[in-house]
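Examination of the molecular architecture
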Amino acid sequence: MFSTFDVYIAEASDENLERDLLRRFIVTYLTQDELDKLKLILSNLPQLRPFWGKTGYKYITINNIYFLYEVAEDERKVVILGAKFNNKRKTFNFANTLKQQKVMRKWIEDYPKYYPNK
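Not measured: the values here are computed from a predicted model. (Residues numbered from 1 in each chain as written. Predicted model: local features only at pLDDT ≥ 70, side-chain atom pairs only at ≥ 80, totals over all residues. Heavy atoms only, no water.)

Let's talk about the sheet that holds strand β2 (residues 58-62)
In plain terms, the rule: When DSSP finds two or more bridges between two strands, those strands count as paired. Only DSSP runs of H or I reaching four residues or more are called helices, and only runs of E reaching two or more are called strands; each is numbered from the N terminus. Every angle, taken between N-to-C directions, lies between 0 and 180 degrees, and every axis is a line fitted to C-alpha atoms, over only the stretch in contact when it is a helix.
If you walk across this open sheet you meet the four strands as β1-β4-β3-β2, and the pairing is mixed. The sheet terminates laterally at β1 (6-9) and β2, the two strands that pair on one side only. Neighbour-to-neighbour, the strand axes of this sheet turn through a mean angle of 35°, independent of strand direction. Pairing of β1 with strand β4 (residues 77-84), which is carried by four bridges, proceeds in the parallel orientation.

What follows is the structure in structure tokens.
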């Protein structure tokens, strides 16, 4: 049997920024079942997911949201770094700058607009 990975969500390193904005986005947009599925996949088989382009990072899609993550094999941990939602560009939002945080806050505020029946 193989050992599992611990799953973490990255936080902004700048003390002037909201530290848990990415976590708030994830909890807002994913149902409990989707959160459980995300954790199950990332804690058991994170290496099987594809790389995002030529980066060293992997990604997974749940509920039409792309999550970029890094696998630290030696530490047996996975860190979710950013999300890509409702944007036509191929860039991820890491909630690590004032502009990125403004956009992510807008995504959280606009949740009812994107998912009116949830």
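We are not done yet, so read on.
Observations regarding the packing of aromatic side chains
Selection rule: Here is the rule: rings of Phe, Tyr and Trp (six-membered ring for Trp) pair when centre to centre is within 6.5 Å. Planes less than 30 degrees apart are stacked, more than 60 are edge-to-face, and the remainder are tilted. For every residue, the accessible area obtained with a 1.4 Å probe (protein chains only) is divided by the maximum for its type, and the residue is called buried under 20%, exposed over 50%, and partly exposed between those limits. Sitting over a ring, as applied to charges here, requires NZ of Lys or CZ of Arg to be within 6 Å of the ring centre and within 35 degrees of the ring normal.
The full count for this structure, using the stated rule, is nine aromatic pairs. With centroids separated by 5.4 Å and ring planes inclined at 50°, the aromatic side chains of phenylalanine 25 and tryptophan 107 adopt a geometry described as tilted. Here phenylalanine 25, found in helix α1 (residues 21-29), pairs with tryptophan 107, found in helix α3 (residues 98-109); they are 82 residues apart in sequence, far enough to count as distant. Summarising the burial analysis for this pair, phenylalanine 25 and tryptophan 107 share the class buried. A centroid spacing of 4.9 Å and a plane angle of 85° characterise the contact between tryptophan 52 and phenylalanine 92, whose relative ring orientation is edge-to-face. Pair noted here: tryptophan 52 is in the loop between α2 (32-44) and β2 and phenylalanine 92 is in the loop between β4 and α3, with a separation of 40 residues, a long-range link. Through a chain of ring-to-ring contacts, three or more aromatic side chains come together here, namely Phe25, Tyr29, Trp107, Tyr111 and Tyr115. Looking at lysine 58, its charged tip hangs above the ring of phenylalanine 51, at a distance of 3.9 Å from the centre. In this arrangement the basic side chain of arginine 76 is found over the ring face of phenylalanine 5, its NZ or CZ atom lying 3.9 Å from the centre.

Considering α2
An α-helical turn contains 3.6 residues, so a residue and the one three or four places further along point in the same direction. What counts, and what does not: To estimate the expected span of a helix, subtract one from its residue number and multiply by 1.5 Å. In this description, contact between two residues means that some pair of their heavy atoms is separated by no more than 4.5 Å.
The end-to-end C-alpha distance of α2 is 18 Å, a good match for the 18 Å that 13 residues give at a rise of 1.5 Å each. Within α2, the full set of buried residues consists of Glu34, Leu38, Leu42, Ser43 and Asn44. Buried residues along α2 sit against β1, α1, β2, β3 (65-72) and β4.

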